[in-house]
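# Geometric and topological summary
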Amino acid sequence: MAAKWIEALTGSLEQKKQYKQAVARIEALPTPYRETAKALNRYLMYYGGVTDGDTIVTMFLDHADLWERAAVDETPVRDIVADDPVEFAESFARAYAGAQWIDKERARLTAAIDAAVGDASGGEPS
Amino acid sequence: MAKQMTEMLKGTLEGVVLAILATKPAYGYDITARLRDQGFTDIVEGTVYALLIRIEQRGLVDVEKVPSEKGPPRKVYSLNAAGAEYLDEFWKTWAFLADRIEHLRGEVAATETEGE
């Protein structure tokens, strides 16, 4: 009962637990996978712009999967991130673009143009 | 050349990966290796990984976690009905694009011959 309203304020405790697990799994990786995954995690947090907790948690768990797999297979870090780690991080984050803060603004922009040209039935944004 | 290749691949790689999965289910590394065999030598695993997540989120593939000897289970991807439909659409779009671009090239070549 008490947990419910606390979660409403702080976000889901289950999500926090899962996020912490993902972080712990990354901490347990060998060099250079740990450093790589940590740096990417930081960037994903900034760039992701994902507001939905479930999506963030899914993204971080998948990210931990990716680097655990790479460490076990001894896949070179460059074979994963290539020459441009920013491009890698951003395309990774975009895969989870389901609930980004920008979505609201995208809908708003589309609606504003529809209203401006008097076309309420305006096409779906693609 | 390499830059143009990267840009063009961005729009087509999804279809290419779905086409690879249409022949048989595969996990990430498999897919990267098969792409390299097909001549896409510059493809890195990370690109494929991000793409697989995207098509999974969009419901175009089914995912099965298969235990592996070491490390976390491997995710095996297989094409589902929605993916097959998407792939069909992809081939149609590709055929249209290839046809129109070749047509344009033919026109350019004809103009050049006339000019001589």
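Looking at an unreviewed UniProt entry, chain B carries the name PadR family transcriptional regulator, with the source organism given as Agromyces atrinae.

Chain A is annotated in an unreviewed UniProt entry as DNA-binding ferritin-like protein (Dps family) from Agromyces atrinae.

Scanning chain B from terminus to terminus reveals four helices and three strands. Rg of the C-alpha trace for chain B: 18 Å, well past the compact-globule value of 13 Å for 116 residues, more than 25% over. Dimensions along the principal axes, computed over C-alpha positions, put chain B at roughly 65 × 30 × 20 Å. Here the analysis covers contacts within chain B between residues at least 6 apart in sequence; of these, 47% occur between residues at least 24 apart. Carbon together with sulfur atoms contributes 57% to the accessible area of chain B, which is approximately 7600 Å² in total. The average position of the 14 basic charges and that of the 19 acidic charges among the side chains of chain B differ by 9 Å.

So, about the pairing of strand S3 (residues 74-79) of chain B. Residue and element names in this part refer to chain B. As defined by bridge partners, strand S1 (residues 26-27) adjoins S3 across two bridges and the pair is classed as antiparallel. Directly across from Ala26, in S3, lies its bridge partner Tyr77. Of the strand pairs in this sheet, strand S2 (residues 61-66) and S3 are connected by six bridges, and their pairing is antiparallel. Each residue of the ladder has a partner; that of Lys65, found in S3, is Lys75.

Residues and elements named next belong to chain A. In this model, helix H4 (residues 53-73) (21 residues) spans 30 Å end to end at C-alpha, consistent with the 30 Å of a helix rising 1.5 Å per residue. Most of H4 sits out of view: 15 of its 21 residues are buried. Downstream of H4 by one or two residues, Glu74 has phi in the positive range, about 55°.

At their nearest, the axes of H4 of chain A and helix H3 (residues 45-57) of chain B sit 12 Å apart, and the two run at 140° to each other. With respect to H3 of chain B, the element H4 of chain A is oriented oblique. In terms of crossing hand, the pair formed by H4 of chain A and H3 of chain B is right-handed. Only Tyr49, Ile53 and Gln57 of chain B of H3 of chain B make contact with H4 of chain A, whose side of the interface consists of Thr58, Asp62, Asp65 and Leu66 of chain A. Looking at the contact of H4 of chain A with H3 of chain B residue by residue, the classes come out as three nonpolar, two polar and two charged.

Of all hydrophobic cores here, the largest spans 26 residues; its most connected members are Trp67 and Phe92 of chain A. Contributions of two or more residues to this core are made by helix H2 (13-27), helix H3 (33-48), H4, helix H5 (77-81) and helix H6 (85-94) of chain A together with H3 of chain B. Residue contributions to this core peak at eight residues, all from H4 of chain A. In contact with Phe92 of chain A, other than residues within four places in its own chain, are Leu44, Met59, Asp62, His63 and Leu66 of chain A together with Tyr49, Ala50 and Ile53 of chain B. Counting 21 residues, the second largest nonpolar core, distinct from the first, contains Leu9, Leu18, Leu52 and Val61 of chain B.

Let us look at the interface of chain A and chain B. Between chain A and chain B, the residue contacts involve 19 residues of the former and 17 residues of the latter. Here chain A meets chain B over a buried area of about 1500 Å², counting both sides, of which 56% is carbon and sulfur. Interface area lost by chain A to chain B is led by Arg69, Val72 and Ala95 of chain A, which between them contribute 32%. The interface formed by chain A and chain B includes two salt bridges.

About the criteria used
- Residues numbered from 1 in each chain as written.
- Chains lettered and ligands numbered in written order.
- Predicted model: local features only at pLDDT ≥ 70, side-chain atom pairs only at ≥ 80, totals over all residues.
- Heavy atoms only, no water.
- Helix = DSSP H or I, 4+ residues; strand = E, 2+ residues; numbered from the N terminus.
- Rg over C-alpha atoms; globule rule 2.2 N^0.38 Å.
- Contact = heavy atoms within 4.5 Å.
- Areas by Shrake-Rupley, 256 points an atom, 1.4 Å probe, with all protein chains shown as cover.
- Lys, Arg positive; Asp, Glu negative; His and termini not counted.
- Charge placed at Lys NZ, Arg CZ, Asp CG, Glu CD.
- Pairing = 2+ DSSP bridges.
- Expected span 1.5 Å × (residues − 1).
- Buried < 20%, exposed > 50% of the residue type's maximum accessible area, 1.4 Å probe, protein only.
- Axes fitted to C-alpha atoms, helices over the stretch in contact; angles between N-to-C directions.
- Parallel < 35°, antiparallel > 145°, perpendicular 65-115°, else oblique.
- Left-handed = near helix turned anticlockwise from the far one by under 90°.
- Nonpolar A, V, L, I, M, F, W, Y, C, P; charged D, E, K, R; others polar.
- Core = buried A, V, L, I, M, F, W, Y, C linked by side-chain atoms within 4.5 Å.
- Buried area = accessible area lost by both parts, 1.4 Å probe.
- Salt bridge = Lys/Arg side-chain N within 4 Å of Asp/Glu carboxyl O.

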